[in-house]
Amino acid sequence: MQERIRKLHHNRIFALVFWLVVVFAAIVTLPNVNTIIQYDGQPQLANTSQPVKATQIRNHWGRNLDGTYTVNAVFNNPNGKLTNKQQAAINKTTSALQKKASYYGIQKITTLTNTPTSKPQLLSKDRSTEIVQLSVSHNQGPVRSIAKQLNSQITTAGLDTYVTSPEIISDAANEHISSFTLMVILMTLLIALVAMGILFASIIAPIITFLAILISYITTLSLATNLAYHWNFAYSEYTPIFLLLGISLFTLLTSFWFFRELRNRIDDGDDSQAATSQVIHDLGYRILISTLTLTLAFGSLMLFNFSTIRAYGLLGVGFAITGIASVTLIPVFAGMLGTSLFWPKKTRPVLKDRKLWYHLTRFGLWQPWIAALVVLYLAGAAAFGGHQSLNYNNAQDIPNNQAVQGARVLSAHFGQGKSTPVTLYLQNNQRLDNQDQLYQLDNLTKKLRAQPGVAAVTSVTQPGGQPITQYYVANQLDGLNTSLSGTIAQLSALQTDLKSDQSNLKQKTLKAEVKRLDSLSAKTSKLISESDNLQSTIIAAQSRSNAGGNPSKKARRYVQRLNAVNNQLTSALTTLSTLSTNISGTSSDAGTAYSNLSSYQETIKSVNASLKKSQKQVKTLNKSLTQMYTYLGGLQTSEAAKSLYLTPTQLASGDFQQSLVNFTDDKVKTTTLTITLKREPNAQTTAKTLAALKQVAQSQLRGTSLKDATLTFSGQPVVAATIQQQYQHDLIRVLLLVFGITLILLVLFSRSLLQTGYWFLTFLASAAASYQLTRVLLRWATGNDQFNWQVPLLAFVPLTVLAVVELTQLAISYRLNQATLLDWLLPGISEVGQTMRHSLFIIIAGVLGLLAASSQVLTAVTLITVLTAVIFNLALPLMASSFGKLSVVIPNQKPYHFHFRRGSRSKRTRSRRSTHDTSASDDESSQDK
């Protein structure tokens, strides 16, 4: 039993079983990578960042909008203005969408119909594009599926329709990366197989390498994905790719070292197991150095707060697993297969000496100054030939996506920043629906709009992005001045009428009429008296005529005449009685009229005095109102008239209450101001603009009733600016930390600070030069020379592997050298150069799989890596040899001594200096390695 266990151990079967168990567990527990990329792929911002705080506010907004995000349904007529028929079709589509709102998780729909005050923000100036804003719940489902459902629902005949939002575009970017991740993985593994097959002219060796890469990669990927899924560890959308890139390159290089040494020993007659053990012993130190350097360098990235950088820290674990697999898993198959590992060509190929590094090293030793200056000039000119900012727009790399197209339509018709607005949340401890608070909010709105880089600002007082005129003092003064002007005109007319009325009151005529009426009354009284006397006389005569009784003829005739007279007198008496009665009535009426006229005369006097007084008062009032009108007219044209003032009626109006619903939370203590920038979020000025907006907002509210309000900014520009700030703050520290750890370990392994520093500076110059050359090539090919911000991090992986692998080999050769530096430079560098061409081939082949994706990001990473590998392999022998020689020659030269004496002493000095220089150039024994 013990013998069997010993044989199993000798054949490394336990190591194979261990890796089989590990890879089986990794496969079983591996979560869905696409799902992790979708939900955790984007950078995770700190809880103290502005966007995260804004999300927390939104999640407690109320009004049935908790946990929602805004989606723009875009309706565009590519042929011009929207027609009435098309507008009716949009309304019909919107109505149908409203009926299915609960099915799609739509909590609110904002249209031109229900929010007319927001018309400038929902309808483009050319009237060809209309927006319907939808507030969709995050709990409804994946953003990807909701976008597809809504896009199919809003399809309208005769119009181009899109569903877009920053969340949808970010998800589309993750979907695009997920779509080519598997292809990149397969192509990288396939190219690794082909590369190893070419190097060893074998079929089995590439398969073993493929298994080693696959096992290391699946183990690391499963670990990284489970950490993100269960413990919310940092994860990047490019995590599967950069893990594969680092692990495959390192495995290819270590496998190449292993198989090359194994073949040499087997061809020398060693047993396969013994040869395998010896190779592990010989290469173990080299692999250990490379593994330790890469593990510590990348593992240190876990110390950073920025999630994307921290995600690269998983590479440290990946390199550790790869290093262990290289010395445990590959030897299992090497020991079992032996020479069959190199089937079908089992014999060692004859290796030809490669003279490139030899000739470059000789030139560096022959003309060290020229070699160093040429390399520094070419690399420096390329490295510092130009500087462009990075691109933080994740939509740039997405091909033919409807959400991106919708954002471009909005940018074309509304402005570049329309699809990605900035939202300012203002939290206050008091309600915001009173005049004082609204006045400050309106001033803040106007102040923000006046800033450079800002296209529009909407708020509770300006829901359409423009001031509502009836809410301002100037407009209210205009109406007041109009009414005041009419009042002044009426007072002027009244003043004129008073003058006319006063002139119409003729008191002298009235007095004359009173006198005439008085005379008439006296004459009437006299007539009444005379009428009474006449009546008495007639009655007496009638009585005497009746008393006479003489019957003579004369008497009868007299009597007859007397009777006739009597009758006439009786009639006259009756008439006089009537006349007397009438005269009495007339006299009474005349008396009454006289009395009334006398009273009226006194009243007229009083009225006339009152009219004079009223005329003076009207004149004074007219003068005061004219002065008031002049003052209000000046006030209307002043800056003070531009202030907001909402009357109680306006505060209670339906339009303003709708604005409160749209821009404040349910407690009316938090409000939003939507800021549309003039440029897209990737603009170089975006971060500066946002910083200026924050400073302006804080300054504007200082000393006001909103001085204690909390301001929080959110939106895609804010997210991009936050990422930019964190990234730029951490990138230099990342480079210093990783390269610093690498340099320190190389110094420890080589035991030479100066020489290692020269080599490492050569690598940095090569990387910088390739970075700029790639920018030039992409500008020529695509017209765009801006790198995505992830490019430096992704390129950082293969470049670090390249530096560690090649410089480690050079450092070990230098350390194991027993000769002086000048004696080692030519043979040592030339010997290392015999394997550098293989490393160069492996590095280039290892990154070619990235070209399988239609991604500018991965294309840029490939070009940077290839160019760096080529430039570094050309520059390293020149710089190592030239600086190596100069580091020996220059310290051994003594400084010149200048003498002011002339003659033979000066000649002797020059002679001694010449002799000293000749001897110093041959002195090599003092070199301290």
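Parameters and conventions
- Residues numbered from 1 in each chain as written.
- Predicted model: local features only at pLDDT ≥ 70, side-chain atom pairs only at ≥ 80, totals over all residues.
- Heavy atoms only, no water.
- Pairing = 2+ DSSP bridges.
- Helix = DSSP H or I, 4+ residues; strand = E, 2+ residues; numbered from the N terminus.
- Axes fitted to C-alpha atoms, helices over the stretch in contact; angles between N-to-C directions.
- Core = buried A, V, L, I, M, F, W, Y, C linked by side-chain atoms within 4.5 Å.
- Buried < 20%, exposed > 50% of the residue type's maximum accessible area, 1.4 Å probe, protein only.
- Contact = heavy atoms within 4.5 Å.
- Polar contact = N/O pair within 3.5 Å; in protein donor to acceptor, adjacent residues only side chain to side chain.
- Salt bridge = Lys/Arg side-chain N within 4 Å of Asp/Glu carboxyl O.
- Expected span 1.5 Å × (residues − 1).
- Patch = residues over 30% accessible without salt bridge, like charges linked within 9 Å, V, L, I, M, F, W, Y side chains within 5 Å.
- Areas by Shrake-Rupley, 256 points an atom, 1.4 Å probe, with all protein chains shown as cover.
- pLDDT = per-residue confidence, 0-100.
- Parallel < 35°, antiparallel > 145°, perpendicular 65-115°, else oblique.
- Left-handed = near helix turned anticlockwise from the far one by under 90°.
- Nonpolar A, V, L, I, M, F, W, Y, C, P; charged D, E, K, R; others polar.

S.K.: I would appreciate a short explanation of the sheet that holds strand 7 (residues 670-677) in the present structure.
M.R.: Backbone hydrogen bonds hold the strands of a sheet together, and the pairing may be parallel or antiparallel. The sheet built from four strands is open, its strands ordered 6-7-5-8 with antiparallel pairing. Across the chains shown, the open sheet's two edge strands, defined by having one partner strand only, are strand 6 (454-458) and strand 8 (710-714). The sheet shows a mean angle of 20° between the axes of neighbouring strands, direction not considered. Pairing analysis gives five bridges linking strand 5 (residues 422-427) to strand 8, with the strands arranged antiparallel. In the strand pairing of strand 8, Gln-427 is matched with Thr-710.

S.K.: Honestly, the nonpolar core in this entry has me stumped. Any pointers?
M.R.: For soluble globular proteins, the rule of thumb is that nonpolar side chains tend to be buried together. If you look at the biggest cluster of nonpolar residues, it comprises 135 residues, and the most contacted ones within it are Tyr-238, Phe-259, Leu-262, Trp-759 and Leu-858. With near-sequence residues (within four places) excluded, Tyr-238 lies in contact with Ile-177, Phe-180, Gln-790, Leu-794, Val-857 and Leu-858. Counting residues in each nonpolar core, the second largest holds 38 residues, with Val-71, Ile-131, Ile-168 and Ala-173 among its members.

S.K.: Sorry, what's going on with the sheet that holds strand 2 (residues 106-110) here?
M.R.: A sheet is described by the order of its strands in space; here four strands give the open sequence 2-3-1-4, paired in antiparallel fashion. In this open sheet, the two edge strands, each paired with only one partner strand, are strand 2 and strand 4 (160-164). For this sheet, the mean inter-axis angle between neighbouring strands, taken without regard to orientation, is 20°. For strand 1 (residues 68-76) and strand 4, the ladder comprises five bridges, and the chain directions are antiparallel. Among the inter-strand pairings, Asn-76 is bridged to a residue of strand 4, identified as Asp-160.

S.K.: I keep staring at the side chain of Asn-662 and nothing clicks. Help me out?
M.R.: Position of Asn-662 relative to the elements: it lies in helix 23 (residues 654-663). Within polar-contact distance, the side chain of Asn-662 engages the side chain of Lys-108 at 2.7 Å. When residues no more than four places from it in sequence are discounted, the contact partners of Asn-662 are Lys-108 and Thr-115.

S.K.: Would you take a moment to explain the pattern of salt bridges for this structure?
M.R.: When charged atoms on two side chains of opposite charge get close, those side chains can pair. In this structure the tally under the stated criterion is seven salt bridges. One salt bridge connects Asp-171 with Arg-144, and the closest N-O pair in it is separated by 2.9 Å. Of this pair, Asp-171 sits in helix 9 (residues 166-200) while Arg-144 sits in helix 8 (residues 143-153); the two residues are 27 residues apart in sequence, bridging distant segments of the chain. The buried category is assigned to Asp-171, whose relative accessible area is 7%. Judged by relative accessible area, Arg-144 falls into the partly exposed class, the value being 22%.

S.K.: How should I be thinking about helix 18 (residues 435-449) in this particular structure?
M.R.: Helical geometry: 3.6 residues make up each α-helical turn, so side chains three or four residues apart lie on a common side. With 15 residues, helix 18 ought to run about 21 Å at 1.5 Å a step, and its terminal C-alpha atoms sit 21 Å apart, in line with that. The set of residues buried in helix 18 consists of Gln-437, Leu-438, Gln-440, Leu-441, Asp-442, Asn-443, Leu-444, Thr-445, Leu-448 and Arg-449. On its buried side, helix 18 packs onto strand 5, strand 6, helix 22 (648-651), helix 23, strand 7 and helix 24 (686-701).

S.K.: Explain a nonpolar patch on the surface here, please?
M.R.: A surface patch of nonpolar side chains, about 520 Å² in accessible area, is lined by Met-183, Met-187, Leu-190, Val-194, Ile-198 and Phe-841. Looking at the nonpolar patch element by element, the count peaks at five residues for helix 9. Assignment of secondary structure puts Met-183 in helix 9. Of the residues examined, Met-183 reaches a relative accessible area of 43% and is grouped as partly exposed.

S.K.: Explain the confidence of the model for the protein here, please?
M.R.: Close inspection of predicted coordinates is inappropriate in any region flagged by low pLDDT. In the predicted model, the protein carries a mean pLDDT of 79, and 74% of its residues have values of at least 70. This stretch, residues 7-11, has a pLDDT under 50; its non-local contacts, to residues over four places away or in other chains, come to six contacts.

S.K.: Any chance you could explain the packing of helix 9 against helix 11 (residues 239-267) here in plain terms?
M.R.: Between two packed helices, both the angle of their axes relative to each other and the distance between the axes serve to describe the pair. Packing of helix 9 against helix 11 brings their axes to within 11 Å, and their N-to-C directions diverge by 15°. It follows that helix 9 is roughly parallel to helix 11 by the angle criterion. Remark: the crossing between helix 9 and helix 11 carries right-handed chirality. Together, Phe-180, Thr-181, Val-184, Ile-185, Thr-188, Leu-189, Ala-192, Met-196, Leu-199 and Phe-200 of helix 9 and Pro-240, Ile-241, Leu-244, Ser-248, Leu-252, Ser-255, Phe-256, Phe-259, Arg-260 and Arg-263 of helix 11 make up the contact between the two elements. Split by residue class, the contact of helix 9 with helix 11 holds 14 nonpolar, four polar and two charged.

S.K.: Please clarify how unusual backbone geometry should be interpreted in this entry.
M.R.: Excluding glycine, residues mostly carry a negative phi; peptide bonds, for their part, are mostly trans. Backbone geometry at Arg-63 places phi at a positive 55°, although glycine is not the residue there. Assignment of secondary structure puts Arg-63 in the loop between helix 4 (50-58) and strand 1.

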